[in-house]
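Residue-level listing of the chains:
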Amino acid sequence: MSVDTVAVEDSAGPAGSVGSGGAAESAGSAASGGVSAGAVPNSRMAALYERDLTCQGLGITLDEVSTGRASMRMTVAPAMVNGHGIAHGGYLFLLADAAFSYACNSYGPVTVAQAAQVTFLAPAAVGDELVAEAVERTRSGRTGIYDVTVRNAAEKVIAEFRGQSVMLAGQPHTA
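All of these numbers come straight from a predicted model, not from anything done at the bench.

Quick look at the overall build of the protein chain
Within the protein chain, the regular secondary structure consists of four helices and six strands. Each helix and strand of the protein chain, ordered N terminal to C terminal, gives the series α-α-α-β-β-α-β-β-β-β. Of all 175 residues assigned to the protein chain, the portion counted as buried reaches 40%. Expressed as a percentage of contacts within the protein chain between residues at least 6 apart in sequence, the contacts between residues at least 24 apart total 62%.

As structure tokens, then:
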């Protein structure tokens with residue numbers, strides 16, 4: 001199977017990210033060919049991001065998607081911290097889950113989470129930029145297993161996530 005990659009750009013921001021305030025337009029431009037050098041356009045992934053109002057509303061950006069992989073990022077906002085003053089685990093889970101979603105949907109058939117688990121390893125603070133990198137570990141039939149690592153800008157691991165996917169429609173994977 002060929003590797004399809006989409007790197008979504010924000011015309012006002014750095015290459016490879018979609019910023020808030022124009023995300024829909026940027027994702028739309030990616031669908032029409034506005035991707036970074038060396039990337040193969042994948043309009044389906046750009047359209048999926050365009051409909052992902054939760055990620056857009058929280059400033060979670062889609063950096064890259066390739067077959068079985070995805071990278072997303074967010075900056076911890078003041079509204080994302082808990083009573084201890086650190087990033088709420090729900091937002092960390094959401095970031096990892098979003099990267100997992102794009103990685104497992106990179107093949108084409110509609111795929112959703114069947115189960116997921118997260119382990120929080122270090123706190124994140126307001127202003128921390130976090131990157132979630134999802135990697136496929138295996139696919140068999142209609143299911144898949146994906147690992148996601150969430151890191152801060154200093155490359156410190158903040159959380160590890162494992163998601164199990166299930167394909168809702170399409171042809172199951174055969175090895």
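Details of the pairing of strand 2 (residues 69-75)
Judged from the five bridges that link them, strand 1 (residues 61-66) and strand 2 form a sheet pairing that is antiparallel. Residue pairing for strand 2: Thr-61 is matched across the bridge by Arg-73. The antiparallel pairing of strand 1 with strand 2 creates a hairpin that spans two residues between the two strands, and Gly-68 there sits at a positive phi of about 80°. Sheet topology places strand 2 next to strand 4 (residues 129-140); seven bridges connect them, and they run antiparallel. Within the sheet, the bridge partner assigned to Ser-71 lies in strand 4 and is Glu-133.

A word on the environment of Asp-63
Tracing the sequence through the fold places Asp-63 in strand 1. Remark: the alpha-carbon pair of Asp-63 and Ala-99, spanning 36 residues in sequence, is separated by 9.7 Å. Here the side chain of Asp-63 touches Arg-73 through a polar contact of 2.7 Å, side chain to side chain.

Some words on the pattern of salt bridges
Taken as a whole and assessed by the stated rule, the structure comprises seven salt bridges. Note that Arg-162 is salt-bridged to Asp-147, the shortest N-O span being 2.6 Å. Here Asp-147 lies in strand 5 (residues 143-151) and Arg-162 lies in strand 6 (residues 157-167), a separation of 15 residues in the sequence. With a relative accessible area of 35%, Arg-162 lands in the partly exposed category. Taken together, the salt bridges that share partners define one network made up of Asp-63, Arg-73 and Glu-129.

Digging into the packing of aromatic side chains
Considering all chains together, one arrives at three aromatic pairs under this definition. An angle of 50° between the planes, with centres 5.6 Å apart, marks the rings of Phe-100 and Phe-161 as tilted. Linking Phe-100 in helix 4 (residues 89-104) with Phe-161 in strand 6, this pair joins segments that are 61 residues apart in sequence. Here Phe-100 falls in the buried class, since its relative accessible area comes to 1%. Above the plane of the ring of Tyr-107 lies Arg-139, whose end atom (NZ or CZ) is 3.4 Å from the centre.

Observations concerning the side chain of Asn-152
On the secondary structure map, Asn-152 appears in the loop between strand 5 and strand 6. A distance of 2.9 Å separates the side chain of Asn-152 from the backbone nitrogen of Lys-156, its partner in a polar contact. Beyond its immediate chain neighbours, meaning those up to four positions away, Asn-152 contacts Glu-129, Leu-130 and Ile-158.

Considerations on the nonpolar core
Met-72, Leu-95, Tyr-102, Leu-130, Val-148, Val-150 and Ile-158 are the most contacted members of the largest nonpolar core, which totals 33 residues. Elements represented by at least two residues in this core include exactly helix 2 (43-51), strand 1, strand 2, helix 4, strand 4, strand 5 and strand 6. The leading source of residues in this core is helix 4, at nine residues. Residue contacts for Leu-130: discarding those within four places in its chain leaves Met-72, Arg-73, Met-74, Val-76, Leu-92, Leu-95, Ala-124, Val-150, Arg-151, Asn-152 and Ile-158.

Procedures and definitions
- Residues numbered from 1 in each chain as written.
- Predicted model: local features only at pLDDT ≥ 70, side-chain atom pairs only at ≥ 80, totals over all residues.
- Heavy atoms only, no water.
- Helix = DSSP H or I, 4+ residues; strand = E, 2+ residues; numbered from the N terminus.
- Buried < 20%, exposed > 50% of the residue type's maximum accessible area, 1.4 Å probe, protein only.
- Contact = heavy atoms within 4.5 Å.
- Pairing = 2+ DSSP bridges.
- Polar contact = N/O pair within 3.5 Å; in protein donor to acceptor, adjacent residues only side chain to side chain.
- Salt bridge = Lys/Arg side-chain N within 4 Å of Asp/Glu carboxyl O.
- Phe/Tyr/Trp six-rings, centres within 6.5 Å; stacked < 30°, edge-to-face > 60°.
- Lys NZ or Arg CZ within 6 Å of the ring centre and 35° of its normal.
- Core = buried A, V, L, I, M, F, W, Y, C linked by side-chain atoms within 4.5 Å.

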